[in-house]
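Chain residues, written in single-letter form:
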Amino acid sequence: MDATAITDSGAGRTAASITCENVGKVYPDGTVAVGDFSLDVAAGELVVLIGPSGCGKSTVLRMLNRLVEPSKGRILIDGEDITGQDPVQLRRQIGYVIQNVGLFPHQSIRTNVGTVPRLLGWKRKRIRDRSDELLELVGLDPKRYADRYPHELSGGQRQRVGVARALAADPLVLLMDEPFSAVDPIVRSRLQEEFLNLQATVRKTIVLVTHDIDEAVRLGDRIAVLGEGGRLLQYAPPADLLGAPASDAVREFVGADRGVRRLSVTSVRAAMRPLGNSEDVERLPTVPVGGTLYDALAAMLTVDSLNVAVVDGDTPVGTVSRSAIFEVPNRAEATV
């Protein structure tokens, strides 16, 4: 996905906050999918819902656009209770990306992307321009792909189209239900990286469901760990979650290798020592100042070095020792 700037096709609309207040879902047979769930998501934040299968994370997501109606509680988007809105109109204002994309097979890619703007009554030229703009944004040249059909694209390309379609009407909120799980690991990693670049450009409020802790740590500004019945076990930035699990249940879920995962979300600055006046770092492996402690450790291990030079461009600005990496405290200030 090419994270170039997009034009203002959505009349200057911005991201929206989300508030869940004691939300629950009980089905007619008595099954409690979600018991009592409360959460605040700031505008422009990417929050990941994660937990074991059957914990209610997808149910929570679908209650946010009323594909599943809550049995109790309130859901507010920018302070407005969504239960008082027409559900069809609500969904047209919320982007939704699912695992298997759900593209219409007999429509061209351009037509698929323009689905919601067309329902909103946009003029034909505006829809075409917006569709091509979004295809360009997600890295699919409209001259090459716009007139193709879904079966002519790879799984990763179809997923990109799904993201473009969800963004077409410039929604305030984007919901994503395991959006990258249907592609192979290499494509998945590439899509995750490109999606982070895309989010840096569009800054939407995003709630994403995954079962993969590595994906959650890589993508989330904050992570909500859910237990049985949608119980919120912990809600924290990735570094806090990995460094200080709130309970044995969370500790077990994030895994015994959480220390290694924490390195991947902790800046080299957290362990960096400024250069001394006479310090020679020319023979040390290097890591960029924007890198993580995981990057620093990997650079050391590659050449069996006990230290790494931190560089800003080509200029050394400090060093990180192997011992200092493991002395970094568990704190949110250490995050990139």
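Treat the numbers as computed from the prediction; the structure is a model and nothing was measured. (Residues numbered from 1 in each chain as written. Predicted model: local features only at pLDDT ≥ 70, side-chain atom pairs only at ≥ 80, totals over all residues. Heavy atoms only, no water.)

**Describing helix 8 (residues 185–202)**
Point 1. Across its 18 residues, helix 8 extends 25 Å between first and last C-alpha, which sits within 8% of the 26 Å expected from 1.5 Å per residue.
Point 2. Downstream of helix 8 by one or two residues, arginine 203 has phi in the positive range, about 45°. (Helix = DSSP H or I, 4+ residues; strand = E, 2+ residues; numbered from the N terminus. Expected span 1.5 Å × (residues − 1).)

**Comments concerning the sheet that holds strand 1 (residues 18–26)**
Point 1. Taken in spatial order, the four strands make up an open sheet running 2-1-4-5, and their pairing is antiparallel. Edge strands, defined here as strands with exactly one partner in the open sheet, are strand 2 (32–41) and strand 5 (80–81).
Point 2. By the bridge criterion, five bridges tie strand 1 to strand 4 (residues 72–77) in an arrangement that is antiparallel. The residue bridging glycine 24 from the neighbouring strand is lysine 72, located in strand 4.
Point 3. Of the strands in this sheet, strand 1, strand 2 and strand 4 touch helix 1 (residues 57–64), which is tilted by about 120° from strand 1. (Pairing = 2+ DSSP bridges. Contact = heavy atoms within 4.5 Å. Axes fitted to C-alpha atoms, helices over the stretch in contact; angles between N-to-C directions.)

**With respect to the nonpolar core**
Point 1. Val113, Val161, Met176, Phe195 and Ile223 are the most contacted members of the largest nonpolar core, which totals 46 residues.
Point 2. Leave out the neighbours within four places in its chain, and methionine 176 touches Leu61, Val97, Val163, Phe195, Ile206, Val207, Leu208 and Val209.
Point 3. Core analysis: the next-biggest nonpolar cluster, separate from the first, contains 28 residues, Ala33, Leu39, Val68 and Ile77 among them. (Core = buried A, V, L, I, M, F, W, Y, C linked by side-chain atoms within 4.5 Å. Buried < 20%, exposed > 50% of the residue type's maximum accessible area, 1.4 Å probe, protein only.)

**A look at the sheet that holds strand 7 (residues 173–177)**
Point 1. Here we have six strands laid out as an open sheet, ordered 6-7-8-3-9-10, and mixed in their pairing. Both outer strands of the open sheet, strand 6 (94–98) and strand 10 (232–236), are each paired with one neighbouring strand and no more. Within this sheet the neighbouring strands show an average axis-to-axis angle of 15°, counted without direction.
Point 2. Of the strand pairs in this sheet, strand 9 (residues 222–226) and strand 10 are connected by four bridges, and their pairing is antiparallel. Considered in strand 10, the bridge of leucine 226 is made with leucine 232.
Point 3. Against the sheet, helix 7 (residues 155–167) contacts strand 6 and strand 7, and its axis sits at roughly 165° relative to strand 6.

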